[in-house]
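What the coordinates show
What follows is each chain in one-letter form.
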Amino acid sequence: MKKIKYFVYFIILFIIGMGVSNAASLSMSVNKKSVIVGSTISVTVNASGAAGWEYCLNYDSSILSLTSSNSDTGGACVRAGSTLTGYAKVTFNLKAIKSGTATISLRDALMYGDDGNSIPSTKGSVSITARTQAEIEASYSTNADLKSIEVVGYQLNPVFDKNTLEYNLEVENEIESVKINAFKADYRASITDIDEVKLSEGLNKFEITVTAEKGNKKV
């Protein structure tokens, strides 16, 4: 009885194994999804699971311009197969010439089996956004506020308010240092690192500067 069970198990594994095959596909990837007008992006097409393939890169020519490729034709189209394995991965370089959103896909795409007949396959696509430097800078945040500020162990005077730019407190003469925590209201802003500060007898003044993404500052 045990031998029969092993025999049936072997047959099931054999049938499952025979049913496994690699699907044909033309996948696409891009080195960046956002590009400044005047600069270049690289789109890579990977062919797999077929003995031959052909396709042309399809893109909005009012937004993008093909500058170069390492395809067999040196242009936007590829016709290759198992004898041209160097073209299983082709990179196309496109220059952004105008602002806008463009989808890059494949047209006239076919994949072939060993018998030369076309086989079902999947084709990828990618989308990119092109903007001018001025458009990018116009979208920058001007928020240079603090969300909160504290001197650990002490109460600020007055109570924190984002529009109040000066605070005071008194500590005993023997206190040599205090820790100041400040938190920015906008994650895109930057803030001076102040943390633990040394104190001397008399008036001590410390400044915290918040710089917004746009570049404007608040002290």
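The preceding data block contains the structure.
Here's a quick rundown of the structure.

Parameters at a glance
Residues numbered from 1 in each chain as written. Predicted model: local features only at pLDDT ≥ 70, side-chain atom pairs only at ≥ 80, totals over all residues. Heavy atoms only, no water. Helix = DSSP H or I, 4+ residues; strand = E, 2+ residues; numbered from the N terminus. Contact = heavy atoms within 4.5 Å. Phe/Tyr/Trp six-rings, centres within 6.5 Å; stacked < 30°, edge-to-face > 60°. Salt bridge = Lys/Arg side-chain N within 4 Å of Asp/Glu carboxyl O. Buried < 20%, exposed > 50% of the residue type's maximum accessible area, 1.4 Å probe, protein only. Pairing = 2+ DSSP bridges. Core = buried A, V, L, I, M, F, W, Y, C linked by side-chain atoms within 4.5 Å. Axes fitted to C-alpha atoms, helices over the stretch in contact; angles between N-to-C directions. Disulfide = S-S within 2.5 Å.

**Some thoughts on the side chain of Ser 69**
Along the chain, the position of Ser 69 falls in strand 5 (residues 64–69). If sequence neighbours within four positions are ignored, Ser 69 has contacts with Gly 74, Gly 75, Thr 91 and Phe 92.

**Some thoughts on the packing of aromatic side chains**
Applying the stated criterion across every chain, the model contains one aromatic pair. Measuring from centroid to centroid gives 6.1 Å for Phe 160 and Tyr 167, while their planes differ by 20°, and the two rings are stacked.

**Some thoughts on the pattern of salt bridges**
This structure, assessed with the given rule, holds four salt bridges. The partner of Asp 145 in a salt bridge is Lys 162, and the shortest N-O contact between them spans 4.0 Å. Note that Asp 145 is positioned in the loop between helix 2 (133–138) and strand 11 (146–151) and Lys 162 in the loop between strand 11 and strand 12 (177–184), a separation of 17 residues in sequence. Residue classification places Lys 162 among the partly exposed residues on the basis of a relative accessible area of 44%. One salt bridge connects Arg 188 with Asp 186, and the closest N-O pair in it is separated by 3.1 Å.

**Quick notes on the sheet that holds strand 13 (residues 190–191)**
Sheet strands line up and pair through hydrogen bonds in the backbone, either parallel or antiparallel. Here we have three strands laid out as an open sheet, ordered 13-15-16, and antiparallel in their pairing. Strands with a single pairing partner mark the edges of an open sheet, and in this sheet they are strand 13 and strand 16 (217–218). Bridge count between strand 15 (residues 210–211) and strand 16: two bridges; the pairing is antiparallel. Each bridged residue has a counterpart across the sheet, and for Thr 211 the counterpart in strand 16 is Lys 217.

**Considerations on the nonpolar core**
In this structure, Tyr 55, Leu 57 and Ile 104 are the most contacted members of the largest nonpolar core, which totals 28 residues. It is strand 8 (residues 100–112) that provides the largest number of residues to this core, a total of five residues. Non-local contacts of Leu 57, meaning those with residues more than four positions away in its chain, are made with Met 28, Val 43, Val 45, Ala 76, Phe 92, Leu 94, Ile 104, Ser 105, Leu 106 and Arg 107.

**Here we look at the sheet that holds strand 1 (residues 24–30)**
Across the sheet, which stays open at both edges, the five strands sit in the order 5-7-3-1-9 with mixed pairing between neighbours. The sheet terminates laterally at strand 5 and strand 9 (121–123), the two strands that pair on one side only. Taken pair by pair, the neighbouring strands of this sheet meet at an average axis angle of 25°, ignoring direction. Pairing between strand 5 and strand 7 (residues 89–96): five bridges, direction antiparallel.

**Considering the pairing of strand 4 (residues 52–58)**
With five of seven residues buried, strand 4 is to be regarded as a mostly interior element. Alignment of strand 4 against strand 8, held across six bridges, turns out to be antiparallel. Pairing of Cys 56 across the sheet is with Arg 107, part of strand 8.

**A few points about the environment of Gly 100**
Topologically, Gly 100 is positioned in strand 8. Judged by its relative accessible area of 22%, Gly 100 falls in the partly exposed class. On a C-alpha basis, the gap between Gly 100 and Ile 128 in space is 8.5 Å, while along the polypeptide they are 28 residues apart. Residues within four places of Gly 100 in sequence aside, it is in contact with Ile 63, Ile 128, Thr 129 and Ala 130.

**Concerning the state of the cysteines**
Scanning all chains against the criterion turns up one disulfide. Between the sulfur atoms of Cys 56 and its disulfide partner Cys 77 the distance amounts to 2.0 Å. Between Cys 56 and Cys 77, the disulfide has an S-S torsion of 105° and is therefore right-handed. Of this pair, Cys 56 sits in strand 4 while Cys 77 sits in strand 6 (residues 77–81), placing them 21 residues apart in sequence. On the basis of relative accessible area, Cys 56 is assigned to the buried category, the value being 4%. Its relative accessible area of 17% is what places Cys 77 among the buried residues.

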